[in-house]
Amino acid sequence: MARFYNRLLQGYFTVTVEVDPPKGPDVGKTLERVRKFWDRVDAVNVADCPMANVRMSPITLAHLIQRDVGVEAIFHLTCRDRNLIGLQAELLGAAGLGVRNILALHGDEPSRGDHPTARGVFEVESAGLINLASALNSGKTVSGRALDQGTDFAIGCVANPTAAD
């Protein structure tokens with residue numbers, strides 16, 4: 001499933017749709033929604049606990065969308081909830097499931113969500129997450145230790161050109 005990435009490399013206009021994972025373990029309704037438009041999009045974005053509210057893992061849902069619906073998925077991964085070890089573990093798990101499209105994001109502050117007293121990790125920013133995923137692609141952990149095999153992530157990010165910073 002590298003059609004989406006190949007279309008980007010070739011300069012084609014691509015269309016994606018974003019879905020939020022369910023608030024529980026049942027993915028039935030979410031997959032039914034995706035089945036209504038899967039043939040008109042190049043990929044489906046899967047949010048990572050949007051607005052800092054607890055939802056199913058975006059990697060799990062991305063895998064199920066690819067397996068059960070047959071359309072590529074892009075999982076969002078935020079720096080909010082995981083340290084360097086956790087981020088790498090999540091990425092290796094995604095690679096093992098065949099989910100290769102990642103959107104690296106900072107993540108919303110926990111105070112915005114349904115657990116306002118939770119603490120964010122933010123050990124790295126989104127640029128650090130991009131470097132981390134790139135290191136895994138080259139067959140190494142972010143600390144430089146060799147992996148048994150490198151990953152093959154298509155790594156994306158967002159930019160806000162009107163942001164004050």
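Summarised in this report is the structure supplied together with it.

The rules we used
- Residues numbered from 1 in each chain as written.
- Predicted model: local features only at pLDDT ≥ 70, side-chain atom pairs only at ≥ 80, totals over all residues.
- Heavy atoms only, no water.
- Helix = DSSP H or I, 4+ residues; strand = E, 2+ residues; numbered from the N terminus.
- Buried < 20%, exposed > 50% of the residue type's maximum accessible area, 1.4 Å probe, protein only.
- Contact = heavy atoms within 4.5 Å.
- Areas by Shrake-Rupley, 256 points an atom, 1.4 Å probe, with all protein chains shown as cover.
- Pairing = 2+ DSSP bridges.
- Axes fitted to C-alpha atoms, helices over the stretch in contact; angles between N-to-C directions.

## Re the overall build of the protein
When helices and strands are tallied, the protein shows 5 helices and 5 strands. Across its three principal axes, the protein shows a C-alpha extent of roughly 40 × 35 × 35 Å. Relative to its 165 residues, the protein shows a buried fraction of 41%. Contacts in the protein between residues at least 24 apart in sequence constitute 74% of all its contacts with a sequence separation of at least 6. Approximately 9200 Å² of the protein is accessible, and the part contributed by carbon and sulfur atoms is 52%.

## Things to note about the sheet that holds strand 5 (residues 154-157)
Spatially, the 5 strands line up as an open sheet ordered 1-2-3-4-5, and their pairing is parallel. The two strands at the open ends of the sheet, each matched to only one other strand, are strand 1 (16-19) and strand 5. On average, each strand axis in the sheet is tilted by 30 degrees relative to the strand beside it, whichever way the strands run. As judged from the 4 bridges shared by strand 1 and strand 2 (residues 43-46), these two strands associate in the parallel manner. Paired with Val 17 across the two strands is Val 44, which belongs to strand 2.

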